[in-house]
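# Structural features, examined
Next come the chains, spelled out residue by residue.
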Amino acid sequence: VFDMQNGISKKFMQGREGGNHIDEHDYGGFLRAFYSTMRFKPGYKKVIPLCAKWAELSNDTGNQQVLLSAMSRDFNMSLPILEYLVHSSRGMQRETIGALLPSLGPDSSAHFFLGLSSPTLFDYIHNQVKARNLLEFNLDNPTGHYKLDLANSTDAAVAERLLLLDRWEGALDDK
């Protein structure tokens, strides 16, 4: 039986060969290491087919929504890839930005991406409101009450980070 806390302890806390030793107070470092290990980051040879598939689905919003949902939960994306996906999604730019915001990872580039990629002020405000919980989530002090809609990819990202924090703290307690 796989134990998440034991797995976290072995991979990120013990500093063994193949593991990363992360300071017990560096939750942001743990989250970055966890996402780089557990999420798919498309390499150069995979980005071109991914973007080609996205362009192929440009007239099929239903399948684009399915692909967006998968990419938002399972992928680590770079800003240039996200920028291409947003600008090539005719008529779905607002939805693309909102869905792919969590794929940027746990750093401040989400604010930059949101502001730079929104085609209109209305789209920027809409995505700012939709992503409020993610944009205001403080990795260093995640205390407070959360009202999350797990169908919203940005709220699901906050819930995932809170769950990982709980597992990280559990692994620290077991240590």
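Heads up: these notes are all about the structure in this document. Predicted model only: the values in this text are computed from it and were never measured.

Positionally, Ala131 belongs in the loop between helix H8 (121–130) and helix H9 (132–136). Leave out the neighbours within four places in its chain, and Ala131 touches Leu101 and Thr154.

On to helix H5 (residues 79–87). Within the span of H5, buried status applies to Ile81, Leu82, Leu85 and Val86. Across the axial projection of H5, the buried residues extend over an arc of 130°, all falling on one side.

Now for the pattern of salt bridges. Note that side chains of opposite charge can pair when their charged atoms are close. Considering all chains together, one arrives at five salt bridges under this definition. For Glu56, the salt bridge identified is with Lys53, shortest N-O distance 3.2 Å. Of this pair, Glu56 and Lys53 both sit in helix H3 (residues 44–56), three residues apart, which is roughly one turn of that helix. Overall, the relative accessible area of 38% leaves Lys53 in the partly exposed class.

What follows is about a nonpolar patch on the surface. Together, Leu121, Tyr124, Ile125 and Val129 make up a nonpolar patch on the protein surface, roughly 400 Å² of accessible area in all. Mapped onto the elements of the fold, Val129 is located in helix H8. Residue Val129 is classed as exposed on the basis of its relative accessible area, which comes to 60%.

Of all hydrophobic cores here, the largest spans 39 residues; its most connected members are Tyr27, Met71, Met77 and Leu101. For this core, the secondary-structure elements that each account for two or more residues are helix H2 (27–38), H3, helix H4 (61–74), H5, helix H6 (93–100), helix H7 (109–117), H9 and helix H10 (153–174). Broken down by element, the residue count for this core peaks at six residues, all from H2. Look past the residues within four positions of Met77 in its chain and what remains in contact with it is Pro42, Leu50, Met71, Leu82, Leu85, Ser103 and Leu104.

What follows deals with the packing of aromatic side chains. Tallied over the full model, the rule gives six aromatic pairs. Ring geometry for Phe40 against Phe75: centres 5.1 Å apart, planes inclined by 80°, an arrangement best described as edge-to-face. Of this pair, Phe40 sits in the loop between H2 and H3 while Phe75 sits in the loop between H4 and H5, placing them 35 residues apart in sequence. Given a relative accessible area of 39%, Phe40 falls into the partly exposed group.

What counts, and at which threshold
Residues numbered from 1 in each chain as written. Predicted model: local features only at pLDDT ≥ 70, side-chain atom pairs only at ≥ 80, totals over all residues. Heavy atoms only, no water. Helix = DSSP H or I, 4+ residues; strand = E, 2+ residues; numbered from the N terminus. Contact = heavy atoms within 4.5 Å. Buried < 20%, exposed > 50% of the residue type's maximum accessible area, 1.4 Å probe, protein only. Arc of directions from axis to C-beta. Salt bridge = Lys/Arg side-chain N within 4 Å of Asp/Glu carboxyl O. Patch = residues over 30% accessible without salt bridge, like charges linked within 9 Å, V, L, I, M, F, W, Y side chains within 5 Å. Areas by Shrake-Rupley, 256 points an atom, 1.4 Å probe, with all protein chains shown as cover. Core = buried A, V, L, I, M, F, W, Y, C linked by side-chain atoms within 4.5 Å. Phe/Tyr/Trp six-rings, centres within 6.5 Å; stacked < 30°, edge-to-face > 60°.

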